[in-house]
Amino acid sequence: MAKRDYYEVLGVEKSASEAEIKKAYRKLAIQYHPDKNPGDKEAEEKFKEAAEAYSVLSDKDKRQELETITPSMLQKDGESKFRQCFELLYPLFLHRLREKVPSITRREELLSMLIALKQNNKEIAELLAIAPRSVLMLRHRFRQKIGMETEFSLENFIEEILRITKSSGEMPEAD
């Protein structure tokens, strides 16, 4: 199961203070506590999800890390860490992308994530350690795969997936 946005889980804005985060967590913890909902698996999951969200958002270092994903993490920390941080910020993005493009490759996923983070072709080439011409070819093949003709439409495609992801509170099915 993909992780939901921690702010969304607690029902607070990203600018929420520590007190607002604590208050929202306590409200959910009381509402979904297993002692108040014996045998209710959904309530138990919501309780655990709220506890996880609170453990991250109440820790200044974890919250800072969550909010400062940068494309340079790809080079510094590797693809795995970059993906992990990206998925914390945009929990359903890759799930929705894979729904739209079932045959997507890992390289195309990385390209999509970097486009979502507003990177240009030169920056993408540096981050993926490939020639700028290779980025153009990768973008071209990906546009063909999704049936789009212009460079602009690839950005629109990624923006649409981000929009759907942000407006959707539902959880994807477990793989």
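Just so you know, these numbers come straight off a predicted model, no measurement behind them.

*Asks:* So what's going on with unusual backbone geometry? Residues and values would help.
*Replies:* In the Ramachandran plot, Lys118 falls in the positive-phi region, its phi being about 65° despite a non-glycine side chain. For Lys118, a relative accessible area of 57% puts it in the exposed group. The backbone phi angle of Ala129 is positive, close to 55°, even though this residue is not glycine. With respect to the helices, strands and loops of the structure, Ala129 is situated in the loop between α9 (121-128) and α10 (132-146). Since its relative accessible area comes to 72%, Ala129 is described here as exposed.

*Asks:* Explain the confidence of the model for the protein chain to me, and be specific about the residues and the numbers.
*Replies:* On average, residues of the protein chain score 83 in pLDDT, and 87% of them are at 70 or above. When pLDDT is averaged over each helix and strand of the protein chain, the minimum, 74, is found for helix α5 (residues 73-77) and the maximum, 95, for helix α2 (residues 18-32). With pLDDT under 50 throughout, residues 170-175 is counted as low confidence; its partners more than four residues away or in other chains account for eleven contacts.

*Asks:* Any chance you could break down the packing of aromatic side chains for me, citing the residues and the numbers?
*Replies:* The geometry of an aromatic ring pair is captured by the separation of the ring centres together with the interplanar angle, meaning the angle of the planes. Under the counting rule described, the total for this entry stands at five aromatic pairs. When the centroid spacing of 6.3 Å and the interplanar angle of 35° are considered together, the rings of Phe82 and Phe86 count as tilted. Residue Phe82 and its partner Phe86 are located together in helix α6 (residues 79-89), separated by four residues, close to a single helical turn. Seen from their ring centres, Phe142 and Phe157 are 6.4 Å apart, and the 75° between their planes marks the pair as edge-to-face. Placement of Phe142 in helix α10 and of Phe157 in helix α11 (residues 151-167) is noted, with a sequence separation of 15 residues between them. Considered together, Phe142 and Phe157 belong to a single accessibility category, that of buried residues. Site record: aromatic cluster; members linked through ring pairs are Phe82, Phe86, Tyr90 and Phe93.

*Asks:* Which residues make up α2, and what values do they have?
*Replies:* For α2, built from 15 residues, the straight-helix expectation of 21 Å at 1.5 Å per residue is met to within 8% by its first-to-last C-alpha distance of 21 Å. All of the buried residues in α2 are Ile21, Ala24, Tyr25, Leu28, Ala29 and Tyr32. Looking straight down α2, one finds that the buried residues subtend no more than 135° of arc, so they occupy a single side. Of the residues in α2, the exposed ones pointing more than 90 degrees away from the buried face are Ala19, Lys23, Lys27 and Ile30.

Rules behind the numbers
Residues numbered from 1 in each chain as written. Predicted model: local features only at pLDDT ≥ 70, side-chain atom pairs only at ≥ 80, totals over all residues. Heavy atoms only, no water. Buried < 20%, exposed > 50% of the residue type's maximum accessible area, 1.4 Å probe, protein only. Helix = DSSP H or I, 4+ residues; strand = E, 2+ residues; numbered from the N terminus. pLDDT = per-residue confidence, 0-100. Contact = heavy atoms within 4.5 Å. Phe/Tyr/Trp six-rings, centres within 6.5 Å; stacked < 30°, edge-to-face > 60°. Expected span 1.5 Å × (residues − 1). Arc of directions from axis to C-beta.

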